Structure formats: structure tokens, C-alpha cells
Amino acid sequence: MDNAALKEKFFEKYHGEELQNCIQCGTCSGSCPLAPYMDYGPRQLFQLAREGDMEEILKANTMWLCVSCYNCTVKCPRDIVITDHMYTLKKIALQEGIQAPTTKLPALYKSFMGSVERYGKITDISVMNRYAFRQPMDVMGNAFLALKLARRKRLEYKVHPVKNLAGFKKVMKKARELEKTS
Amino acid sequence: MKYGFFPGCTFKGAAGYKESTEAVSQILQTELVEIEDWNCCGATSYWSLEDLPALILPARVMALAEKHNFKEVVNVCNACYSTLRKAQDKLAEDERLMEQVNEALAEETLSYTGSTKIRHYMEVVVNDLDPEEIKKHIKVNLKHLTIAPYYGCQLNRPWGDIDDLQHPVMMDRLIETLGASVATNYSAKTVCCGASHMMPYEKNCLPQIRRIVSDAHAKGAQAISTLCPLCQFNVDAPQSALDLPDIPVLYFTQLMGLAFGLEEKDLQLKKLLVPFKMAVWGG
Ligand code: SF4
Ligand code: SF4
């Protein structure tokens with residue numbers, strides 16, 4: 001998709017049009033705990049969106065660093081639901097296969113989802129095992145911590161799946177079908 | 001009083017949260033009945049990657065609660081709490097999504113109307129119980145213990161309808177009811193713990209943990225109390241990397257248990273990474 005089509009998707013399908021109300025006050029970037037590490041703070045990101053430079057936005061690490069703390073959202077004087085736009089930008093970036101090269105979050109999210117799709121639930125181990133394939137260094141760095149947890153009997157190795165797992169999977173499958181046709 | 005209970009995935013593995021919650025809810029007779037066959041709420045992962053499935057996961061939990069006639073769904077995790085509430089808001093304002101969610105849930109003969117009220121157990125204890133009734137169960141005097149009440153993000157934000165957005169006081173009130181002292185002006189109470197970013201982005205999140213811990217020290221606290229498994233873990237686990245004095249991070253239910261005279265082993269205090277020893281404060 002080109003910039004114009006991407007902007008249309010963001011603004012029409014995902015309610016990004018409310019960014020037109022942004023007064024560029026910078027309250028969001030000022031209250032964001034991760035802004036110092038972001039390629040663009042939320043304020044700058046939204047200005048780029050209005051200008052239509054969507055490819056630049058989708059390459060940024062900004063939305064991947066967003067921890068959903070809602071600090072920005074509750075302070076925005078224009079009532080822009082900033083955190084939700086961060087979610088949207090992650091979705092569009094993945095759909096378009098565009099990604100900041102340093103971003104590790106999709107690997108973590110997918111590991112999490114792998115466990116949910118299979119069992120309907122997660123345990124720390126079920127996510128970590130999947131994540132370890134994708135980002136071994138992050139998991140190795142936590143090996144010492146894992147040992148401390150194991151000693152305190154805090155690691156659950158077995159996932160106790162949803163009881164009606166067949167039913168659960170049917171519901172999820174139907175949801176995906178409905179999403180495709182809509 | 002009877003509540004539908006949604007434990008969430010991390011409850012069981014959390015350091016004594018399950019044991020202490022079960023013990024105090026029995027004492028206080030807040031009957032937490034587990035919602036049968038619950039699934040993961042999806043948390044930030046699903047909101048980040050999916051549209052409809054991100055709504056289906058919390059909707060299924062609430063539909064199961066409706067099926068068993070629960071009027072209220074009680075959470076013990078901030079992320080579960082906010083995910084359920086967020087799904088409820090989104091479905092309430094979008095008829096088409098509501099239809100699609102119900103079409104998918106029909107595969108399991110479930111249906112969702114949005115009739116359940118979403119709550120957090122801490123807030124249930126503070127709002128549904130008479131503090132004088134809670135005080136009747138106190139067996140141990142905690143007045144020499146000063147607690148920094150740490151709330152994290154997703155209990156009050158983005159709604160701000162059950163407490164103040166930046167400076168909530170509900171847990172402060174609970175701590176006072178229990179006879180302990182509240183660290184005054186604990187301004188880090190709603191600083192984000194970094195949530196799931198602590199693993200991939202630990203370096204970027206540590207400054208927040210430093211602030212949560214150092215502010216607790218600065219305000220004279222001997223322990224931090226939490227109400228979410230992710231918050232507890234993120235503030236407890238990385239302290240060795242902070243070059244600050246360690247401070248134990250307890251669940252509010254463990255603190256209640258201590259006041260009610262329960263044993264350290266009933267509350268599984270040994271599962272905490274930074275140890276908490278009641279004897280140190282004399283009880
Ligand atoms: S706080 Fe709101 S109005 Fe201000 S810059 Fe951020 S998005 Fe725009
Ligand atoms: S919700 Fe995201 S963008 Fe907003 S302040 Fe928190 S981390 Fe920053």
C-alpha cells in the first residue's frame with residue numbers, strides 16, 4: 001500500500017481521523033515514560049500521520065515501545081485515545097510487513113498468542129519457550145532469574161488448557177472467518 | 001457475598017497471591033467462585049495484533065460469567081481487569097462488533113450481553129465491606145510497618161471512575177484499616193512497571209522500577225504493596241540490578257493475611273524474591 005492508502009486505512013477503518021484534533025501540545029510525549037527511547041514521541045508521530053508520511057511512521061519503533069500505561073490518553077486535552085492508536089499502528093505495521101529493525105515485540109506477542117491459540121491460556125514457561133526460539137539472548141539473560149523462581153516453586157511447567165478446548169477453538173476460528181469477510 | 005471470579009493466567013504462579021487471596025476471602029466471606037472454563041483475556045498481545053479475536057477472548061470470559069448468572073466478575077490482575085472493561089466499552093458502542101462477537105460465541109452456545117460489572121478484588125474489599133467489619137478480624141498490630149501503596153497503571157487508567165487517575169487512595173485506605181501506616185506522598189504509586197516490556201526492553205524500563213523503589217525508600221516505607229501479578233513481579237525481581245536497598249513487594253492480600261494473624265506459610269511469603277520477615281518488625 002502507498003502512503004495515501006495507508007493513511008486512509010488508519011484514518012477511516014481505525015478512527016485515526018480524530019488526530020486532526022491534535023493541537024500538538026506535546027503533553028503525550030511529556031508524560032510518556034518510554035518517549036526518550038522512541039524514534040518519534042506520540043506528538044511527532046501524529047503530525048507525520050496527518051502529513052501522510054505513513055511509511056515513515058510504520059518503520060518507527062514508537063508504537064512497539066508503548067507499554068499501554070495510558071498516561072498520555074488520560075492527559076490529552078483533546079481526548080484523543082492515544083494508546084489505542086498505538087495498538088492500531090502495530091496492527092497496520094504487521095499487516096504491511098513493515099517493522100523497525102530493532103523491534104522485538106512481535107516475537108513476544110506471537111509467543112504469547114501461540115500459547116493462547118493452542119491451550120486457551122498461558123503460563124510464563126509456555127510463552128518463554130516460544131519466545132526463546134525467536135529471541136534466545138533475552139531468555140538466556142533471564143536464566144538466573146528463572147532458577148530463582150524454580151527454587152521457589154514458582155514456575156508452572158504444565159498449562160491446564162481450557163476444558164472445552166474444541167469449543168474454544170471453534171469460536172476463535174469463527175472470529176477469524178468473520179474478520180476476513182468484514 | 002458471592003462473586004464470579006476470573007483468576008487469569010498468572011494468578012497461580014504469582015508469589016502467594018492465590019494462597020493469600022483464598023485465605024482472606026474466606027475470612028471476609030467474599031465468596032469468589034471461579035468462572036468455569038475461563039480462558040486467557042488476551043492482554044496487550046491481542047490488542048496489538050488482532051481486531052475481532054482480541055474482543056472474543058474477554059467476551060468469552062464474560063459470556064461464561066453470564067451463563068452462570070454472575071452479576072459481577074472479580075479480577076486480581078490489572079491487565080485482566082482493564083482488558084475486560086475495555087472490551088465491554090468497545091462492544092457497547094459498536095452494534096456490528098457485538099453481533100460478530102455473538103456469532104462467534106454461538107459456536108459454543110454462549111452469548112454476551114455485557115451485563116456483568118467488572119471489578120478488582122482490592123476495590124471489592126474497600127467498597128463492599130464495612131471497614132469496621134474488617135477491623136474485627138485483626139489479630140496482629142501492624143502500626144510499626146509503613147507501606148508504600150503501589151497501584152500500577154491499568155486499574156485507574158484510562159477510566160478514572162473508581163479512583164483518582166494519578167493519585168488513587170483506595171489501597172491507602174485499606175492499609176490504614178489494617179492498622180499499618182501509609183507512606184505519605186508516595187508519588188510513584190501509578191508509575192508504570194514496564195509490564196511485558198521488562199523482558200525485551202529491560203534497560204528502558206529499569207528507570208521506572210528505580211523510581212518506584214527509591215520513592216518508597218524516600219517516603220520511609222519498609223514494604224511495597226501491589227495488586228497485580230505483573231506489577232509485583234516487575235518490582236520484586238529486578239531489585240538486585242538497582243544498587244538500592246532491597247524492599248519487599250507484597251500483595252495486598254498478603255498484607256491483609258498478616259494483619260489477620262495468618263502464618264507466613266499460609267501466605268507463601270517465601271515465594272517472594274526479596275524476602276519479607278514479619279519478625280523483623282516485631283508484629
Ligand atoms: S496530548 Fe493530545 S493534543 Fe497534545 S500533542 Fe498529544 S495527541 Fe496532540
Ligand atoms: S500509553 Fe504508550 S504512548 Fe502513552 S504514555 Fe504510555 S507508553 Fe507512552
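Residues numbered from 1 in each chain as written. Chains lettered and ligands numbered in written order. Predicted model: local features only at pLDDT ≥ 70, side-chain atom pairs only at ≥ 80, totals over all residues. Heavy atoms only, no water.

A.B. asks: Sorry if this is basic, but what is going on with the sheet that holds strand β4 (residues 117-120) of chain B here?
C.D. replies: Two orientations exist for strands paired in a sheet by backbone hydrogen bonds: parallel and antiparallel. Residues and elements named next belong to chain B. Strand order in the open sheet formed by 4 strands is β2-β1-β3-β4, and the pairing between neighbours is parallel. Two strands close off the open sheet at either side, each with one partner strand: β2 (31-34) and β4. Each neighbouring strand pair of the sheet contributes to a mean axis angle of 40°, computed without reference to strand direction. As paired strands, strand β3 (residues 72-75) and β4 are joined by 4 bridges and run parallel to one another. If you follow Val74 over to β4, its bridge partner there is Arg119. (Pairing = 2+ DSSP bridges. Helix = DSSP H or I, 4+ residues; strand = E, 2+ residues; numbered from the N terminus. Axes fitted to C-alpha atoms, helices over the stretch in contact; angles between N-to-C directions.)

A.B. asks: Is there a simple way to think about the interface of chain A and chain B in this case?
C.D. replies: The parts lose accessible area when they come together, and the size of an interface is often stated as this lost area. Taken together, the contacts link 61 residues of chain A with 59 residues of chain B. Contact between chain A and chain B buries roughly 5500 Å² in total, counting both sides, with carbon and sulfur atoms accounting for 61%. Scanning the region where chain A abuts chain B turns up 5 salt bridges. Notably, a salt bridge pairs Arg176 of chain A with Glu50 of chain B, separated by 2.4 Å at the nearest N-O pair. Between chain A and chain B we count 22 residue pairs in polar contact (both at pLDDT 80 or more) in total. Of all elements in the fold, only α5 (62-65), α6 (71-75), α7 (82-96), α8 (105-119), α9 (124-134), α11 (143-151) and α12 (165-181) of chain A reach the threshold of two or more residues within the side of chain A that touches chain B. Per-element accounting of the side of chain A that touches chain B gives the leading share, 10 residues, to α12 of chain A. (Contact = heavy atoms within 4.5 Å. Buried area = accessible area lost by both parts, 1.4 Å probe. Salt bridge = Lys/Arg side-chain N within 4 Å of Asp/Glu carboxyl O. Polar contact = N/O pair within 3.5 Å; in protein donor to acceptor, adjacent residues only side chain to side chain.)

A.B. asks: Looking at this structure, I do not really get the site of ligand 1. What am I missing?
C.D. replies: Residues and elements named next belong to chain A. Neighbouring ligand 1 are 14 residues; Cys22, Cys25, Gly26, Cys28 and Cys76 lie closest to it. The set of elements that each furnish at least two residues to the shell around ligand 1 consists of α2 (27-31) and α3 (42-51). For the shell around ligand 1, a count of residues per class yields 9 nonpolar, 3 polar and 2 charged. (Near = heavy atom within 4 Å. Nonpolar A, V, L, I, M, F, W, Y, C, P; charged D, E, K, R; others polar.)

A.B. asks: Got a minute to help me understand a negative patch on the surface in this structure?
C.D. replies: A cluster of acidic residues, Glu177 of chain A together with Glu95, Glu99, Glu103 and Glu107 of chain B, forms a negative patch at the surface. The element that contributes the greatest number of residues to the negative patch is helix α5 (residues 95-105) of chain B, accounting for 3 residues. Of note, Glu99 of chain B is situated in helix α5. Residue classification places Glu99 of chain B among the exposed residues on the basis of a relative accessible area of 54%. (Patch = residues over 30% accessible without salt bridge, like charges linked within 9 Å, V, L, I, M, F, W, Y side chains within 5 Å. Areas by Shrake-Rupley, 256 points an atom, 1.4 Å probe, with all protein chains shown as cover. Lys, Arg positive; Asp, Glu negative; His and termini not counted. Charge placed at Lys NZ, Arg CZ, Asp CG, Glu CD. Buried < 20%, exposed > 50% of the residue type's maximum accessible area, 1.4 Å probe, protein only.)

A.B. asks: Can you walk me through helix α9 (residues 202-218) of chain B in this structure?
C.D. replies: Every α-helical turn comprises 3.6 residues, leaving residues that sit three or four positions apart pointing alike. Look at α9 of chain B: 24 Å from first C-alpha to last across 17 residues, which is about the 24 Å you get at 1.5 Å a residue. Those residues of α9 of chain B that sit buried are Asn204, Cys205, Leu206, Gln208, Ile209, Ile212, Val213, Asp215 and Ala216 of chain B. Here the buried face of α9 of chain B lies against α5 of chain A together with β5 (146-149), β7 (223-226) and α10 (229-236) of chain B. Just downstream of α9 of chain B lies Gly220 of chain B, where phi reads positive at about 80°. (Expected span 1.5 Å × (residues − 1).)

A.B. asks: Looking at this model, I keep getting lost on the environment of Phe11 of chain A. Mind explaining?
C.D. replies: With respect to the element layout, Phe11 of chain A can be found in helix α1 (residues 3-13). Setting aside its immediate chain neighbours within four residues, Phe11 of chain A contacts Gly16, Glu17, Leu19, Gln20, Ala49 and Arg50 of chain A.

A.B. asks: Can you help me understand the domain arrangement of chain B in this one?
C.D. replies: Residues and elements named next belong to chain B. Taken domain by domain, chain B holds domain 1 (2-121) and domain 2 (138-281). Taking only C-alpha atoms into account, the centre of domain 1 sits 24 Å from that of domain 2. Each partner contributes to the roughly 2100 Å² buried at the junction of domain 1 and domain 2, and carbon and sulfur atoms together form 67% of this total. Its largest share of buried area at the contact with domain 2, domain 1 owes to Ala15, Tyr17 and Asn78, together 28% of the area lost on that side. (Domains from an automatic or database assignment.)

A.B. asks: In this structure, what is going on with the pairing of strand β1 (residues 2-6) of chain B? I would like to understand it.
C.D. replies: Along any regular strand the residues' side chains alternate between the sheet's two faces. Residues and elements named next belong to chain B. In terms of burial, β1 is a largely internal element, 4 of the 5 residues being buried. Examined bridge by bridge, β1 and β2 share 4 bridges and lie parallel to one another. Bridging from a neighbouring strand, Lys2 pairs with Glu31 of β2. With helix α1 (residues 17-28) bridging β1 and its parallel neighbour β2, the resulting β-α-β unit is right-handed. Looking at chain direction, β1 and β3 are connected through 3 bridges and run parallel. Following the sheet pairing, Phe5 is matched in β3 by Val74. (Right-handed = clockwise from strand over helix to strand, strands pointing away.)

A.B. asks: Hey, could you run me through the packing of α3 of chain A against α7 of chain A in this one?
C.D. replies: The description of two packed helices rests on the angle between their axes and on the distance between the axes. Residues and elements named next belong to chain A. α7 packs onto α3 with a crossing angle of 60° between their chain directions and a minimal axis gap of 12 Å. The angle between α3 and α7 falls in the class oblique. At the point where α3 passes α7, the crossing takes the left-handed sense. Contact residues: α3 offers Pro42, Leu45 and Phe46, while α7 offers Ile82, His85, Met86 and Leu89. Taken together, the residues of the contact of α3 with α7 sort by class into 6 nonpolar, 1 polar and no charged. (Parallel < 35°, antiparallel > 145°, perpendicular 65-115°, else oblique. Left-handed = near helix turned anticlockwise from the far one by under 90°.)

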